[in-house]
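Inside the fold
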Amino acid sequence: MKKILLIAIIGMFGGICFSQNIGYMGNHFIFNAEVSISPSWKNPNPLSEALRSHFESEHTQRYLGLNYFLSPNVEAIVWKKGTLGAGYNYYNTPIGEMVSRYYEGGGVSDYYFVQEDYKFTGNLVAHGFNVFYKQYLGDTQAPYGLYLKFVFDGYFYHYACNEPLLPNTQHWEENPEAAAQYDYVPVEKDGQGSIFGLKAELGYDCLFFNRLRLTMGATFGSTFGGYKWLKSKSDNSLFYNDNTRFLSVNDYVRNRMLNAYWFGIKLGVGIVAF
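For the structure given in this document, a descriptive report is provided here.

Right, let's talk about empty space enclosed by the protein for a bit. This model, assessed by the stated rule, comprises 2 cavities of 30 Å³ or more. There is about 60 Å³ of room inside the largest cavity. Every residue lining the largest cavity is listed: Glu34, Ser71, Asn73, Asn89, Asn130, Phe132, Lys149, Val151, Asp153, Lys199 and Lys266. Counting only elements with at least two residues in the lining of the largest cavity, the list comes to strand S5 (111-136) and strand S6 (145-161). Each residue belonging to the lining of the largest cavity can be placed in one class, and the counts come to 2 nonpolar, 4 polar and 5 charged. Every residue along the wall of the second largest cavity is listed here: Ser36, Phe69, Lys199, Thr219, Ala260, Tyr261, Phe263 and Gly264. Of all the secondary structure elements, the ones that give two or more residues to the lining of the second largest cavity are helix H7 (249-261) and strand S10 (263-272). Of the residues in the lining of the second largest cavity, the class split is 4 nonpolar, 3 polar and 1 charged.

One pass over the full model with this rule turns up 9 salt bridges. Here lysine 199 ties to aspartate 153 by a salt bridge, and the two come within 3.7 Å at their closest N and O atoms. Separated by 46 residues along the polypeptide, lysine 199 in strand S7 (residues 190-208) and aspartate 153 in strand S6 bring together distant segments of the chain. Each of the two residues, lysine 199 as well as aspartate 153, counts as buried. Residues lysine 266 and glutamate 201 are paired through a salt bridge, measuring 3.0 Å at the closest nitrogen-oxygen approach. Here lysine 266, found in strand S10, pairs with glutamate 201, found in strand S7; they are 65 residues apart in sequence, far enough to count as distant. Grouping residues by exposure puts lysine 266 and glutamate 201 together as buried.

This brings us to the side chain of asparagine 67. Checked against the element boundaries, asparagine 67 lands in strand S2 (residues 66-70). Of note is the side chain of asparagine 67, whose polar atom sits 3.2 Å from the backbone oxygen of proline 39. Within the structure, the side chain of asparagine 67 is placed 2.8 Å from the side chain of arginine 256, a separation counted as a polar contact. Contact partners of asparagine 67, with chain neighbours within four places excluded, come to Ser36, Ile37, Ser38, Pro39, Ser40, Tyr91, Arg256 and Ala260.

Our next topic: the pairing of S7. Working note: regular strand, side chains alternate between the two faces of the sheet. As judged from the 16 bridges shared by S6 and S7, these two strands associate in the antiparallel manner. For aspartate 153, the partnering residue across the bridge sits in S7 and is glycine 197. Across 12 bridges, the pairing between S7 and strand S8 (residues 212-223) is antiparallel. Residue pairing in the sheet places phenylalanine 208 in a bridge with leucine 212 of S8. Connecting the antiparallel pair S7 and S8 is a turn made up of 3 residues, with phenylalanine 209 showing a positive phi of about 60°.

What follows covers the packing of aromatic side chains. Evaluation of the coordinates by the stated rule reveals 17 aromatic pairs. Measuring from ring centre to ring centre gives 5.9 Å for tyrosine 24 and tyrosine 144, while their planes differ by 80°; the resulting arrangement is edge-to-face. Residue tyrosine 24 is found in the loop between helix H1 (2-20) and strand S1 (29-39), and its partner tyrosine 144 is found in the loop between S5 and S6; the two are separated by 120 residues along the sequence. On the accessibility criterion, tyrosine 24 (10% relative accessible area) is buried. Three or more aromatic residues joined by ring pairs make a cluster, and in this case those are Phe69, Tyr91, Tyr155 and Tyr261. The ring of tyrosine 147 is capped by lysine 134, whose NZ or CZ atom sits 4.4 Å from the centre of that ring. The ring of phenylalanine 132 has lysine 149 lying over it, and the distance from NZ or CZ to the ring centre is 4.1 Å.

Basis of the calculations
Residues numbered from 1 in each chain as written. Predicted model: local features only at pLDDT ≥ 70, side-chain atom pairs only at ≥ 80, totals over all residues. Heavy atoms only, no water. 1 Å grid on protein atoms, 1.4 Å probe; cavity = no way out; pocket = protein on both sides within 12 Å on 5 of 7 lines; lining within 4 Å. Points joined across faces, edges and corners; volume = space filled by probe spheres on them. Helix = DSSP H or I, 4+ residues; strand = E, 2+ residues; numbered from the N terminus. Nonpolar A, V, L, I, M, F, W, Y, C, P; charged D, E, K, R; others polar. Salt bridge = Lys/Arg side-chain N within 4 Å of Asp/Glu carboxyl O. Buried < 20%, exposed > 50% of the residue type's maximum accessible area, 1.4 Å probe, protein only. Polar contact = N/O pair within 3.5 Å; in protein donor to acceptor, adjacent residues only side chain to side chain. Contact = heavy atoms within 4.5 Å. Pairing = 2+ DSSP bridges. Phe/Tyr/Trp six-rings, centres within 6.5 Å; stacked < 30°, edge-to-face > 60°. Lys NZ or Arg CZ within 6 Å of the ring centre and 35° of its normal.

Right under this line is the structure:
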């Protein structure tokens, strides 16, 4: 009896949902393939090698370099002017930078300061997810017209570096007591982590033949991380209370994703399926 009652309740709520969700010409679901691009500026990017082989000017290489995020997703029309959706995120880029770490120690009459610089190159790959709500504006209805979209993104990344250059490694190897005093940590060649972000998107959906949808928009947002690198690079006199300041490859990677994420031009194609 309880099973029958549960099935009846589920069926009743399912009927209410679909009666309220009018869809578009009897269709409720849209499958999308989307890409978001943003300027990379001086950072290494997927176009770096091709640009270097065709353009000698570093300025040209800088202004034509692009980041990209791929975001295929499924979208459901939940009412006349709104949709909900979820999808997959992918990001891939070469990385490379000169990183500095600072060590401070000593007393009133005995003061030590050590700076360690190292340069690395490598590659960063991130997989993740996105969930979103899209609100259509003005005299429009889902799934076409002017819209405002709110997106929550999650990325799980892995980076692999070529052998880092450590000019001062010998200093630490020959001074194990100093290394212990400054809590010296060797540079990690590989690493992984996660970062999340929230962004808003303003755009326009064009619908053709009641099936094919083309999308263009602009996104603005921020990841919940990646600012440590900016803070350290902007204030070379900053030291933490534990007398050490580390700028790690992971700090750079998180800032690299922040730089690629905060602004983007969205292009997409979708199919109103069923």
